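Given next are the chains, with one letter for each unit.
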Amino acid sequence: MNYRNDIRNIAIIAHVDHGKTTLVDAMLKQSKVFRNNQAVGELIMDSNTLEREKGITIMSKNTAVVYRGVKINIIDTPGHADFSGEVERVISMADGCLLLVDSVEGPMPQTKFVLRHALQRGLTIIVVINKIDRPNSRIAEVTSLIQDLFLELATDMDQLDYHVLYADAKEGTAVTEPGMPGKDISPLFDCILANVPPPQIESGPFQMLVSNLDSDSHKGRIAIGRIWRGKVASHDTVVRVNADGNMDYYEIAEVLTYLGLKRLKVDQAEAGDIVAVTGIEKVSIGDTIASPEQPSALPRIEVGEPTVEMTFGVNTSPFAGREGRFCTTRQLRKRLYKELETNLSLRVQDTDSPDTFLVKGRGELHLAILIETMRREDYEFEVSKPEAITKVIDGKLVEPVELLTIDTSEEYIGVLTEMLSKRQARMVDMRNDGLGNIRLVFQIPTKGLLGFRSSFLTSTRGDSIMNSVFLGYEPLRGEIISARNGVLVASEPGSTITYGLNNAQERGLTFIEPGTLVYEGMIVGLNSRLQDIPVNVCKEKKKTNIRSSTSDIAVKLTPPLKMSLEQAIDFVNRDELVEVTPENIRLRKKLLTYSQRLRSISAARLSIK
Ligand SMILES: Nc1nc2c(ncn2[C@@H]2O[C@H](COP(=O)(O)OP(=O)(O)OP(=O)(O)O)[C@@H](O)[C@H]2O)c(=O)[nH]1
Ligand SMILES: [Mg+2]
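What you see is a predicted model; the values in this text were computed from it and never measured. (Residues numbered from 1 in each chain as written. Chains lettered and ligands numbered in written order. Predicted model: local features only at pLDDT ≥ 70, side-chain atom pairs only at ≥ 80, totals over all residues. Heavy atoms only, no water.)

Right, let's get into the overall build of the chain. Broken down by element type, the chain carries 14 helices and 37 strands. Taken against the 2.2 N^0.38 rule, which gives 25 Å for 609 residues, the C-alpha radius of gyration of the chain at 27 Å falls within 12% of a compact globule. Along the first, second and third principal axes, the C-alpha atoms of the chain reach 95 × 60 × 60 Å. When burial is assessed residue by residue, the chain has 51% of its 609 residues classed as buried. Restricting the contact set of the chain to residue pairs at least 6 apart, pairs at least 24 apart contribute 70%. About 28,900 Å² of surface is accessible on the chain, with carbon and sulfur atoms providing 50% of the total. Taking the average place of the 74 positive charges on the side chains of the chain and the average place of its 81 negative ones, the gap between the two points comes to 5 Å. (Helix = DSSP H or I, 4+ residues; strand = E, 2+ residues; numbered from the N terminus. Rg over C-alpha atoms; globule rule 2.2 N^0.38 Å. Buried < 20%, exposed > 50% of the residue type's maximum accessible area, 1.4 Å probe, protein only. Contact = heavy atoms within 4.5 Å. Areas by Shrake-Rupley, 256 points an atom, 1.4 Å probe, with all protein chains shown as cover. Lys, Arg positive; Asp, Glu negative; His and termini not counted. Charge placed at Lys NZ, Arg CZ, Asp CG, Glu CD.)

Further remarks concern a negative patch on the surface. Taken together, the side chains of Glu410, Glu411, Asp433 and Asp463 make up a negatively charged region of the molecular surface. Here aspartate 433 is to be found in the loop between strand S27 (426–432) and strand S28 (437–445). The class for aspartate 433 is partly exposed, based on a relative accessible area of 43%. (Patch = residues over 30% accessible without salt bridge, like charges linked within 9 Å, V, L, I, M, F, W, Y side chains within 5 Å. Salt bridge = Lys/Arg side-chain N within 4 Å of Asp/Glu carboxyl O.)

To characterise two packed helices, one gives the angle between the axes of the helices and the distance between these axes. Close contact between helix H4 (residues 109–120) and helix H5 (residues 139–153) brings their axes to 10 Å; oriented N to C, the two are set at 45°. Here H5 runs oblique to H4, going by the angle between their axes. Crossing geometry of H4 relative to H5 is assigned as right-handed. Across the interface between the two elements, Thr111, Lys112, Leu115, Arg116 and Leu119 of H4 pack against Leu149, Phe150, Glu152 and Leu153 of H5. Split into classes, the residues belonging to the contact of H4 with H5 amount to five nonpolar, one polar and three charged. (Axes fitted to C-alpha atoms, helices over the stretch in contact; angles between N-to-C directions. Parallel < 35°, antiparallel > 145°, perpendicular 65-115°, else oblique. Left-handed = near helix turned anticlockwise from the far one by under 90°. Nonpolar A, V, L, I, M, F, W, Y, C, P; charged D, E, K, R; others polar.)

Quick look at the coordination of the magnesium ion (ligand 2) now. Only Thr21 (OG1) and Thr57 (OG1) from the protein reach the magnesium ion (ligand 2) as donors, at distances of 2.0 Å. Within this pair, whereas threonine 21 is found in helix H1 (residues 20–30), its partner threonine 57 is found in the loop between helix H2 (49–54) and strand S3 (61–67), the two being separated by 36 residues in sequence. Overall, the relative accessible area of 5% leaves threonine 21 in the buried class. The exposure class assigned to threonine 57 is buried, which follows from its relative accessible area of 8%. (Donors = N, O, S within 2.8 Å, 3.2 Å for Na, K, Ca; no water.)

Attention now goes to a nonpolar patch on the surface. The grouping of Val66, Leu259 and Leu264 at the surface amounts to a nonpolar patch, some 210 Å² of accessible area in total. Along the chain, the position of leucine 264 falls in strand S16 (residues 262–266).

Our next topic: the site of ligand 1. Residues in contact with ligand 1 amount to 18 residues; listed here are only the nearest, Lys20, Thr21, Thr22, Thr57 and Asp133. Contacts to ligand 1 include threonine 21, whose side-chain N or O atom sits 2.8 Å from an oxygen atom. Protein burial of ligand 1: of its 650 Å² of free accessible surface, 85% is covered by the chains. Per element, the largest residue contribution to the shell around ligand 1 is three residues, and it comes from H1. Of the residues belonging to the shell around ligand 1, the class tally is four nonpolar, seven polar and seven charged. (Near = heavy atom within 4 Å. Polar contact = N/O pair within 3.5 Å; in protein donor to acceptor, adjacent residues only side chain to side chain.)

Moving on, we come to the nonpolar core. Core analysis: the largest hydrophobic core is formed by 37 residues, its most contacted members being Leu99, Ile125, Val127 and Phe150. The element that contributes the greatest number of residues to this core is H5, accounting for six residues. (Core = buried A, V, L, I, M, F, W, Y, C linked by side-chain atoms within 4.5 Å.)

All right, on to the side chain of arginine 229 then. Positionally, arginine 229 belongs in strand S11 (residues 220–229). A polar contact is formed between the side chain of arginine 229 and the backbone oxygen of glutamine 294, at a distance of 3.2 Å. Dropping the residues within four chain positions of it, arginine 229 is found in contact with Glu202, Ser203, Gly204, Pro205, Phe206, Gln207, Ala271, Gln294 and Ser296.

This paragraph deals with helix H8 (residues 364–376). For H8, built from 13 residues, the straight-helix expectation of 18 Å at 1.5 Å per residue is met to within 8% by its first-to-last C-alpha distance of 18 Å. When we look at burial in H8, the residues that qualify are Leu365, His366, Leu367, Ala368, Ile369, Leu370, Ile371, Glu372, Met374 and Arg375. (Expected span 1.5 Å × (residues − 1).)

Here we take up the packing of aromatic side chains. Across all of its chains, the model carries eight aromatic pairs by this definition. Taken together, a centroid distance of 5.5 Å and an interplanar angle of 5° make the contact between phenylalanine 312 and phenylalanine 381 stacked. On the criterion of sequence distance, the pair formed by phenylalanine 312 in strand S20 (residues 308–314) and phenylalanine 381 in strand S23 (residues 381–383) is long-range, its members being 69 residues apart. Neither phenylalanine 312 nor phenylalanine 381 differs from the other in exposure class; each is buried. With centroids separated by 5.6 Å and ring planes inclined at 45°, the aromatic side chains of phenylalanine 452 and phenylalanine 456 adopt a geometry described as tilted. Of this pair, phenylalanine 452 and phenylalanine 456 both sit in helix H11 (residues 452–459), four residues apart, which is roughly one turn of that helix. Directly above the aromatic system of tryptophan 228 lies the positively charged group of arginine 226, at a separation of 4.2 Å from the ring centroid. The ring centre of phenylalanine 571 lies 4.3 Å from the NZ or CZ of arginine 484, which sits over that ring. (Phe/Tyr/Trp six-rings, centres within 6.5 Å; stacked < 30°, edge-to-face > 60°. Lys NZ or Arg CZ within 6 Å of the ring centre and 35° of its normal.)

For the rest of this paragraph, the subject is the sheet that holds strand S2 (residues 7–14). Taken together, the seven strands give an open sheet; going across it, the order is S3-S4-S2-S5-S6-S7-S8, and neighbouring strands pair in mixed fashion. The sheet is open, and its two edges are formed by S3 and strand S8 (173–175), each paired on a single side. Averaged over all adjacent pairs, the angle separating strand axes in this sheet is 30°, with direction ignored. Pairing analysis gives four bridges linking strand S6 (residues 124–130) to strand S7 (residues 163–168), with the strands arranged parallel. Residue pairing in the sheet places isoleucine 126 in a bridge with histidine 163 of S7. Sheet contacts for H5: strand S5 (96–102), S6 and S7; angle to S6, the most-contacted strand, approximately 155°. (Pairing = 2+ DSSP bridges.)

It is worth spelling out the sheet that holds strand S10 (residues 207–216) at this point. Strand order across the open sheet formed by eight strands is S14-S13-S19-S10-S11-S18-S15-S16, with antiparallel pairing between neighbours. Lying at the two open borders of the sheet, with one neighbouring strand each, are strand S14 (247–251) and S16. Strand after strand, the sheet turns through a mean of 40° between neighbouring axes, direction not considered.

A separate point is the pairing of strand S36 (residues 576–580). Of all five residues in S36, five are buried; the element is thus mostly enclosed. Taking every second residue as pointing to the same face, both faces of S36 are buried, with Glu576, Val578 and Val580 on one and Leu577 and Glu579 on the other. Sheet topology places S23 next to S36; three bridges connect them, and they run antiparallel. When the sheet's bridge partners are listed, phenylalanine 381 is paired in S36 with valine 580. When S36 meets strand S37 (residues 585–589), the two strands line up antiparallel, connected through five bridges. Opposite glutamate 576, over in S37, you have lysine 589 as the bridge partner. Between the antiparallel neighbours S36 and S37 lie four residues.

This is how it looks when you write it as structure tokens:
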């Protein structure tokens with residue numbers, strides 16, 4: 001075995017928001033990959049629009065810096081549990097990981113998930129306790145919690161011998177001892193060079209595993225991955241081995257390597273490096289690209305199973321086809337199946353109905369991001385309520401269960417535990433830091449967690465944080481009765497009028513402004529009681545000749561409750577749909593007319609009897 005001392009390959013892993021992308025900013029800025037006066041901004045790697053809007057990383061990305069003559073390939077990964085598939089996918093390119101832990105929050109459920117994966121793969125870990133500038137940082141305590149985590153997860157003794165650094169990623173400083181004044185990020189670079197093993201390389205014909213895909217309108221599909229053996233140059237003939245073990249031949253067009261935010265064209269690249277190659281039109285993630293001399297496949301990348309499913313269907317509302325450019329079954333189907341090429345933990349299935357597809361993901365956010373992305377690409381479609389995916393293990397029906405961590409204050413313990421017990425959650429831990437900050441940990445079936453976030457945020461007035469990670473499967477328990485009230489359903493099509501909306505507001509909350517086009521069966525508000533009721537929000541005030549003393553007073557409406565896409569998905573029940581178009585998110589009953597809904601209720605009653 002040989003090593004390449006001129007390269008290190010690292011992945012940055014952590015719980016959501018612990019500062020991974022900010023740390024990459026610091027590494028990029030301080031390794032002089034930008035001109036001195038170049039304005040590069042913050043969270044440079046969060047380059048796609050949704051990432052910038054939401055302030056979270058969704059897809060893992062590659063970059064590289066050069067430090068003391070060594071190229072450090074860096075892979076930034078997302079920390080949100082719904083995108084765990086991304087971490088599992090790219091971690092195979094690395095020899096080491098920076099495990100970031102927030103100095104206040106300490107290790108969180110996703111910290112454990114990513115650390116377990118990294119240790120199982122035998123990667124060298126450098127712990128970076130980040131955000132040490134935060135006023136209530138508790139470095140000593142967090143250090144010992146991390147130690148406990150390693151003791152629990154290490155697969156051999158050597159792994160307990162990890163290095164710890166202390167960073168303020170925002171300032172761009174890291175130190176080797178707590179309390180030391182920070183100057184720059186170089187202690188981190190030095191630690192990486194000294195401790196992350198250089199890539200081991202096998203000599204022999206070229207072999208690489210495709211871990212990521214990108215595309216370019218000129219270059220076509222770009223396959224990204226680590227070269228495990230040999231070297232590759234442009235115009236080389238290579239074999240692609242796909243999931244079924246089938247092989248086809250291609251000519252490599254270009255070989256590119258990373259530097260900063262750029263991909264540079266190089267004559268050739270060798271084992272140990274992370275490269276992007278073009279010219280292989282049909283490549284998928286997990287494929288091996290190899291020299292025809294020895295075209296053996298590397299083990300494919302395996303990612304965890306999806307836990308949540310919902311249907312995506314062609315828009316069947318009376319407004320179908322008005323707002324989107326891509327509205328047909330064929331277009332929807334093609335787009336969904338295309339997503340599978342890069343979104344490894346997603347599954348798409350045809351259903352009995354040709355216009356509807358079953359889409360399975362790692363959580364509500366995973367699916368919501370896909371919906372939002374498609375809507376921005378001008379697709380129009382309808383989606384159903386997300387449901388937890390049950391399966392059969394050893395002849396028993398089981399359901400996914402998650403570990404839910406809530407950071408809140410004392411005053412909300414009562415309301416939260418009450419809400420959660422209705423959702424079949426069981427408290428497993430409660431910690432009080434003595435200052436009124438509480439951490440509650442629950443075990444909860446995924447189905448109980450669906451739709452919980454919005455009521456969580458309202459009942460804790462937005463100042464608590466919740467996080468959940470997949471734990472495993474447990475025998476299926478009974479249904480959770482929806483705690484939501486009934487809805488106000490438009491009984492007539494038309495344009496909404498203040499008078500009609502005002503009448504509706506006497507029944508409950510409304511979701512739309514005056515002048516909004518509605519159709520019969522569209523949900524326009526939340527009832528203050530349990531049943532659904534039809535309301536005519538397009539109703540005008542009867543004109544009379546008699547002037548009453550109050551008739552001229554303008555009606556003042558309460559501002560409507562506007563829902564984001566995620567809130568809308570959270571909100572709907574099984575007999576309802578979310579209609580998604582590039583311009584609007586509408587809620588509707590599946591059955592649009594009142595008489596259809598009445599008939600279905602009486603049919604359901606009959607079947608119970
Ligand atoms: N005070 C302080 N804030 C920091 C530090 N590092 C990051 N932050 C802030 O923490 C927030 C999250 O930072 P990100 O870098 O997006 O975190 P991330 O781990 O990449 O998040 P995901 O990719 O979504 O998992 C941002 O508001 C940062 O400005 C730090 O050292 N100190
Ligand atoms: Mg990030």
